[in-house]
Amino acid sequence: PAAARMASDPAPILGLSEDLTSEILSFAGPRCTAVCASACRQLRTVSEDSRALWRRFVRQDFRLTDPNADFADWRAVYAYLTLQMREVPSFRSLWQKKSILRTAGNQFSLTDEARVVFSDDGSPYRGYEPENALLRNGRAWCTSHGVKENVDLVVELPGVCLITGFLAANGGRHFSAPLKEALVFTSMDPPDLEGARRLNGEAGRAHLERMERGEVGAETDGESSSPVASFLFSEFPVCMSEQLVRKSSPPTVGRYIHFKLLSSHHPTDRFSTNIDVQDLHAYGIRLPDLPELLRRPAMNSNRPDPSYQRIHKLRAQRPLAEDIWLDDSDDDDSDDGSLW
């Protein structure tokens, strides 16, 4: 009987409690955690039962936080977001057909049905409102006379979305103040504009230059006042009609996008005291099932470790989170041009 109890209830690995084991796995990341969980009964139990562990992974990899979802199955949330990210075409396949990115009705565009909830552009020129940058109607957005730097535009998406990339484009030669520099923020709640103003002026330009050089990326602690993308256009006149596409780093779950226009070009031979921008778009996929997942409590199951045969049968029925993480075809570390 004693031997049977020992076989069914093995001692913790290295004598560590489940809390400490969970903390160690948090440094390993979701992919390594999945590998360990498939090889060890104790680690599998910790992986499945630790909401805090997978909540941290979701916050780090997708910047999703929800204070009202303490009892959600965060492991299922992570698997859902990973599956949805696979549905978005790679950056390379979209960029090879540049016109798709700026065509109305593109199913992966998130800004076609978005609405502007805040803009401090003064009183824009008549017919050149900020909505033009989202609508692909052939018109540009031109800020008011004298409004030429640190302009904030907040856009609300039609629902919760997984945001994987952005596009910004300047108008043609008829515009006198094409966009030069911009930062992009995302959040689930209305953004903290005051917090983002710490990146106004020279501080914002310095941060943007570091992001463009790859020396600094977006913080992954769920802090919405950290930019996830940056745009730095070429010098005038090369910047005319130029369009840039940037990945969201990391891919983020959100309902709001905050475009901060830091500055524009002001050619000496043109009168320009504002900012002109043709297009501002976001790409990704909507997440209609995410709100329900966050409301659904996790099942506390301390079932015995299933045999390999049973795992294989389950995988044949539906993709498991381990299958996603162990698939190297979409490795985030590879430079394959994918939008995420």
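The rules behind the values
- Residues numbered from 1 in each chain as written.
- Predicted model: local features only at pLDDT ≥ 70, side-chain atom pairs only at ≥ 80, totals over all residues.
- Heavy atoms only, no water.
- Salt bridge = Lys/Arg side-chain N within 4 Å of Asp/Glu carboxyl O.
- Helix = DSSP H or I, 4+ residues; strand = E, 2+ residues; numbered from the N terminus.
- Buried < 20%, exposed > 50% of the residue type's maximum accessible area, 1.4 Å probe, protein only.
- Phe/Tyr/Trp six-rings, centres within 6.5 Å; stacked < 30°, edge-to-face > 60°.
- Pairing = 2+ DSSP bridges.
- Expected span 1.5 Å × (residues − 1).
- pLDDT = per-residue confidence, 0-100.
- Contact = heavy atoms within 4.5 Å.

Draft legend 1. Layout of the pattern of salt bridges. On inspection of all chains with the given rule, the structure shows twelve salt bridges. Arg56 is paired through a salt bridge with Glu23; the nearest N and O atoms lie 3.4 Å apart. Separated by 33 residues along the polypeptide, Arg56 in helix H4 (residues 51-62) and Glu23 in helix H2 (residues 18-39) bring together distant segments of the chain. Accessibility expressed as a relative area gives 24% for Arg56, which makes it partly exposed. Close ionic contact of Glu292 with Arg295 constitutes a salt bridge, the shortest N to O distance being 3.1 Å. Remark: Arg295 and Glu292 occur in helix H11 (residues 290-295); sequence separation between them is three residues, near one turn of the helix.

Draft legend 2. How the structure looks around the packing of aromatic side chains. This structure, assessed with the given rule, holds four aromatic pairs. Relative to Phe57, the ring of Trp54 has its centre 4.9 Å away and its plane inclined at 75°; by these criteria the two rings are edge-to-face. Residue Trp54 and its partner Phe57 are located together in helix H4, separated by three residues, close to a single helical turn. The exposure class assigned to Trp54 is buried, which follows from its relative accessible area of 1%. Phe57 sits in the buried class, given a relative accessible area of 0%. One aromatic cluster is present, built from ring pairs that chain together Trp54, Phe57, Phe62 and Tyr78.

Draft legend 3. Structural view of the pairing of strand S3 (residues 149-169). Counting buried residues in S3 gives 19 out of 21 residues, a clear majority hidden from the surface. Where strand S1 (residues 115-119) lies against S3, four bridges are found, and the strand directions are antiparallel. In the strand pairing of S3, Ser119 is matched with Leu153. Sheet analysis places S3 next to strand S6 (residues 243-264), joined by 15 bridges and oriented antiparallel. For Glu149, the partnering residue across the bridge sits in S6 and is Ser263. Sheet analysis places S3 next to strand S8 (residues 279-286), joined by eight bridges and oriented antiparallel. When the sheet's bridge partners are listed, Phe166 is paired in S8 with Ala282.

Draft legend 4. Examining H4 more closely. If you check H4, its first and last C-alpha atoms are 16 Å apart, about what twelve residues at 1.5 Å a residue would give, namely 16 Å. Directly after H4, the chain includes Arg63, whose backbone phi takes a positive value near 55°.

Draft legend 5. Summary view of helix H3 (residues 41-49). With respect to burial, H3 is a largely interior element, seven of its nine residues being buried. Among the residues of H3, Gln42, Leu43, Arg44, Thr45, Val46, Ser47 and Glu48 are the ones counted as buried.

Draft legend 6. Inspection of the confidence of the model for the protein chain at higher detail. Residue-level pLDDT values for the protein chain average 78, and 74% of them are 70 or greater. Counting interchain partners and residues more than four positions distant, the pLDDT-below-50 stretch residues 1-7 has one contact. Taken as a whole, residues 218-222 scores under 50 in pLDDT and shows 14 contacts with residues more than four places along the chain or in a different chain.

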